[in-house]
Amino acid sequence: MISLKGTLNVIDNSGALLVECVNVLKHKVNHGWGGVGDEIVCVVKRARPIPAAALASSTIVKVCRGDVRPDATVSGRMVRFDDNAAVLLNNKREMLGTRISGPVSAALRLKGWGKVVSLAPKVRPAFG
């Protein structure tokens with residue numbers, strides 16, 4: 001779960017390397033915490049070609065804390081990642097980069113981010 005001041009690695013080829021969460025958008029139920037598939041407003045902390053300290057919009061694709069799954073109590077399985085990661089978006093909610101490096105959660109497909117899942121080299125199963 002990502003909240004205010006949480007840092008995320010950027011796993012697309014947009015040029016940003018590290019971002020810091022400033023706000024979780026349209027997610028009032030969870031009191032400002034964002035999970036996989038949620039949109040956030042972030043500040044670029046480290047970048048190569050684009051200037052740092054620029055505001056950007058992004059979606060969360062990986063979280064260290066395990067995904068909340070409906071069958072987690074029954075089967076005991078939970079998908080976790082080693083780091084928190086995001087993909088930068090433009091104003092039309094399209095990806096800035098054209099490639100994704102690293103695995104992403106399959107829960108993105110259920111939340112309407114099929115393009116991100118299709119570009120990822122490996123997808124970790126969300127359910128089942």
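Above this text you will find the structure in question.
Residues numbered from 1 in each chain as written. Predicted model: local features only at pLDDT ≥ 70, side-chain atom pairs only at ≥ 80, totals over all residues. Heavy atoms only, no water.

Student: Is there a simple way to explain the pairing of strand E5 (residues 85–89) in this structure?
Tutor: A regular strand places its side chains so that they alternate between the two faces of the sheet. Burial analysis of E5 places five of its five residues in the buried class, the great majority of the element. Neither face of E5 is left uncovered, since the one carrying Ala85, Val87 and Leu89 and the one carrying Ala86 and Leu88 both have all their residues buried. Strand direction decides the pairing type here: strand E1 (residues 7–10) and E5, joined by two bridges, are parallel. In the sheet register, Asn9 faces E5, and the bridge partner there is Ala85. Pairing of strand E4 (residues 55–62) with E5 involves five bridges; the strand directions are antiparallel. (Buried < 20%, exposed > 50% of the residue type's maximum accessible area, 1.4 Å probe, protein only. Helix = DSSP H or I, 4+ residues; strand = E, 2+ residues; numbered from the N terminus. Pairing = 2+ DSSP bridges.)

Student: Even after reading the chapter, I still don't get a nonpolar patch on the surface, so can you show me in this structure?
Tutor: A cluster of nonpolar residues, Leu4, Val22 and Leu55, forms a patch on the protein surface that exposes about 310 Å² of accessible area. Mapping Val22 onto the fold places it in strand E2 (residues 16–24). (Patch = residues over 30% accessible without salt bridge, like charges linked within 9 Å, V, L, I, M, F, W, Y side chains within 5 Å. Areas by Shrake-Rupley, 256 points an atom, 1.4 Å probe, with all protein chains shown as cover. Salt bridge = Lys/Arg side-chain N within 4 Å of Asp/Glu carboxyl O.)

Student: How should the pattern of salt bridges be read in this particular structure?
Tutor: Oppositely charged side chains may form a pair once their charged atoms are brought near each other. Counted by the stated rule, this structure contains four salt bridges. With a closest N to O distance of 3.4 Å, Lys5 and Glu20 form a salt bridge. You can see Lys5 sitting in the segment before E1 and its partner Glu20 sitting in strand E2, a full 15 residues away along the chain. Among the residues examined, Glu20 registers a relative accessible area of 14% and is labelled buried. Taken together, the shared-partner salt bridges in this structure form one network comprising Lys5, Glu20 and Lys45.

Student: In this structure, what is going on with the sheet that holds E1? I would like to understand it.
Tutor: Two orientations exist for strands paired in a sheet by backbone hydrogen bonds: parallel and antiparallel. Strand order in the closed barrel formed by five strands is E1-E2-E3-E4-E5, with mixed pairing between adjacent strands. This sheet shows a mean twist of 50° between the axes of neighbouring strands, independent of strand direction. (Axes fitted to C-alpha atoms, helices over the stretch in contact; angles between N-to-C directions.)

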